[in-house]
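Examination of the molecular architecture
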Amino acid sequence: MRGWLSRASPTAFSTYAIVAAFSAYFCMYGFRKPFAAAEFAGEGAWGLHLKATLVLSQIVGYTLSKFLGVKLVTELAAGRRVVVLVGLIVFAELSLLAFGLLPPALRPLALFCNGLPLGAVWGLVYGFLEGRRTSEILGAGLSASYIVASGAVKSVGSAMLGWGVPEVWMPFLTGLVFLPPFGVAVWMLSRLPPPDLDDEAARTHRQPMTGAERRAFFMRFGLGLTVLTGLYMLLTAYRDFRDNFSAEIWRAVGQSGKPELFTLTEVPVALAVMAGLALLYRIRDNRRALLAVHVVMAGGAVSIGVATLLFDLGVLGPVWWMVLIGTGLYLAYVPYGCMLFDRLIAATGAVGTAVFMIYVTDAFGYAGSIAVLLYKLVGQAELSWLAFFRGFSYVTAVACTGAFVVSAWYFGRRVREGKGFG
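Just so it is clear, the model here is predicted, and its values are computed rather than measured.

Glancing now at the overall build of the protein chain. Within the protein chain, the secondary structure is distributed over 19 helices and zero strands. Taking all 422 residues of the protein chain together, the buried fraction comes to 58%. With an accessible surface of roughly 16100 Å², the protein chain has 69% of that area assigned to carbon and sulfur atoms.

This paragraph deals with the side chain of Thr 174. With respect to the element layout, Thr 174 can be found in helix 8 (residues 170–190). Judged by relative accessible area, Thr 174 falls into the buried class, the value being 0%. Not counting the four nearest positions on each side in its chain, Thr 174 is found in contact with Gly 30, Pro 34, Val 153, Val 156, Gly 157 and Met 160.

Take a nonpolar patch on the surface next. Residues Met 1, Trp 4 and Trp 187 make up a contiguous nonpolar surface patch of about 350 Å² in total accessible area. Structurally, the position occupied by Met 1 is in the segment before helix 1 (2–7). What makes Met 1 partly exposed here is its relative accessible area of 46%.

In this section: the side chain of Glu 93. Residue placement: Glu 93 occurs in helix 4 (residues 81–101). Buried Glu 93, no salt bridge; nearest opposite-charge side chain is Arg 32, N-O distance 13 Å. Apart from the residues within four sequence positions on either side, Glu 93 is in contact with Phe 31, Phe 172, Gly 175 and Leu 176.

With that settled, the discussion passes to empty space enclosed by the protein. This model, assessed by the stated rule, comprises four cavities of 30 Å³ or more. Here the largest cavity defines a volume of roughly 120 Å³. Contributing to the lining of the largest cavity are 15 residues, with Trp 122, Tyr 146, Tyr 232, Tyr 333 and Asp 362 lying nearest its centre. Elements represented by at least two residues in the lining of the largest cavity include exactly helix 2 (10–32), helix 3 (50–75), helix 11 (222–244), helix 16 (318–338) and helix 18 (354–379). What the second largest cavity holds in volume is close to 100 Å³. In terms of lining, the second largest cavity is formed by 14 residues, of which the most central are Lys 154, Arg 242, Asp 243, Ser 246 and Glu 266. Elements with a minimum of two residues in the lining of the second largest cavity: helix 7 (135–162), helix 11, helix 12 (246–252), helix 13 (261–264) and helix 16. No other element matches helix 7, which puts four residues into the lining of the second largest cavity.

The tally for this structure, following the rule as stated, stands at 24 aromatic pairs. An angle of 80° between the planes, with centres 6.5 Å apart, marks the rings of Phe 241 and Phe 392 as edge-to-face. With Phe 241 in helix 11 and Phe 392 in helix 19 (residues 385–416), this pair connects stretches of sequence that are 151 residues apart. Note on Phe 241: relative accessible area 3%, which makes it buried. Each residue in the set Tyr 238, Phe 241, Phe 245, Phe 311, Trp 321, Tyr 375, Trp 385, Phe 388, Phe 389 and Phe 392 is aromatic and connected to the rest through ring pairs, giving one cluster. When the ring centre of Tyr 62 is taken as origin, the NZ or CZ atom of Arg 32, which lies over that ring, is 3.9 Å away. A cation sits over an aromatic face here: Lys 376 above Trp 385, 4.5 Å from the ring centre.

Attention now goes to helix 4. Given a rise of 1.5 Å per residue, 21 residues ought to cover 30 Å, and the 31 Å separating the end C-alpha atoms of helix 4 matches this to within 8%. Three or more residues of helix 4 are buried, namely Arg 81, Leu 85, Leu 88, Ile 89, Ala 92, Glu 93, Ser 95, Leu 96, Phe 99 and Gly 100. Relative to the axis of helix 4, the buried residues are bounded by an arc of 150° and lie together on one face. Those residues of helix 4 that are exposed and angled more than 90 degrees off the buried face are Val 83, Leu 94 and Leu 101.

Okay, the confidence of the model for the protein chain next. Looking at the protein chain as a whole, the pLDDT averages 84, with 89% of positions reaching at least 70. When the elements of the protein chain are averaged for pLDDT, helix 9 (residues 197–203) gives the smallest value, 61, and helix 4 the largest, 95.

Enumeration according to the criterion identifies five salt bridges in this entry. Asp 240 is the partner of Arg 32 in a salt bridge, and the nearest nitrogen-oxygen pair spans 3.9 Å. Of this pair, Arg 32 sits in helix 2 while Asp 240 sits in helix 11, placing them 208 residues apart in sequence. Accessibility expressed as a relative area gives 2% for Arg 32, which makes it buried. Judged by relative accessible area, which is 1%, Asp 240 ranks as buried. The salt bridge involving Asp 243 is made with Lys 33; its shortest N-O contact spans 3.4 Å. Placement of the pair is Asp 243 in helix 11 and Lys 33 in the loop between helix 2 and helix 3, with a sequence separation of 210 residues. By relative accessible area, which is 6% here, Asp 243 ends up buried. Take Lys 33: its relative accessible area is 1%, and that puts it in the buried class.

Criteria and thresholds
Residues numbered from 1 in each chain as written. Predicted model: local features only at pLDDT ≥ 70, side-chain atom pairs only at ≥ 80, totals over all residues. Heavy atoms only, no water. Helix = DSSP H or I, 4+ residues; strand = E, 2+ residues; numbered from the N terminus. Buried < 20%, exposed > 50% of the residue type's maximum accessible area, 1.4 Å probe, protein only. Areas by Shrake-Rupley, 256 points an atom, 1.4 Å probe, with all protein chains shown as cover. Contact = heavy atoms within 4.5 Å. Patch = residues over 30% accessible without salt bridge, like charges linked within 9 Å, V, L, I, M, F, W, Y side chains within 5 Å. Salt bridge = Lys/Arg side-chain N within 4 Å of Asp/Glu carboxyl O. Lys, Arg positive; Asp, Glu negative; His and termini not counted. 1 Å grid on protein atoms, 1.4 Å probe; cavity = no way out; pocket = protein on both sides within 12 Å on 5 of 7 lines; lining within 4 Å. Points joined across faces, edges and corners; volume = space filled by probe spheres on them. Phe/Tyr/Trp six-rings, centres within 6.5 Å; stacked < 30°, edge-to-face > 60°. Lys NZ or Arg CZ within 6 Å of the ring centre and 35° of its normal. Expected span 1.5 Å × (residues − 1). Arc of directions from axis to C-beta. pLDDT = per-residue confidence, 0-100.

Set out below in structure tokens:
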């Protein structure tokens, strides 16, 4: 298989790689998100809402995983990715088994343990794809997985609840459904050959980064990377809130009891985002592509605010509102995980790996998600989930648009002046 892929046409290679990466990350969501389809009504730890306590517990584990991944994932040798991926997923599934077995007071601990390994999966999967001439197309295909998967696994979980499966056992049983296809997808990824000489000529050589190299890279682009990291904290918090409490939002707009909505509203989002970002592949010049990525991301941020305003004015119905803000959100969010830093490294000639900055922004991004959730639960407890989300949409649109402009100006200057090189 690897020999055939080495000789395959770019179209055949890209199709195979997208199917493998999409499937692997899609299946990961079968271990992470199904519990969000349940209500888990009642009071949890510290007097907080029970479901919010469970969400918070998993996010804390997931965030810790991202911080650990800054070192562990970026230094991991390519030959060890497969074993580590399988081990992480098995650990996550065993944590869901513990979630069903443990008494209620200890279930947040089980979800913390569930989130702890899952935060490393993205970097390991993307490591098979980065540094190639077709990285935008491959990254767009991979990114479509989490846009669709979150809704799809919640639909599966919601259907299981309708069949009479208890809430506490639904996540574990959903994970069992996705375990075999995950194994097949990881095997497919393991057959991908490394980037060839033409890939390295177009996108620079990619290699694991030492601690000194990571510090030097961050210091070289300190201001711009700080802006992008802060911006990603807001986007991640917004995405997580929409994702984790979509059931509550749908209920507030009169669309409860429709499991298919979790999936159907995300499919057009994924298609629109894939189409938009895949077009960036046609821009050969890495400097122009870096600017184009910023333009697309800023446009996504603007559309969140416009769609929410139209919803508040009664022009948009709730379904189209969720579709349009989802499209804007993921146009701004997805490039972080697949093409923004890949193009940045290629445009500046820096030697390293995009996974490093992906994990830096991810780690702080989920820390921002924790902060926003705590703010809602403690500081804005009287606000409904819907009212808080609408206000959050306006804040995200305005702040992110301004930050993208600053980032584009900063990196545009650095690249024009040649300060990013060497």
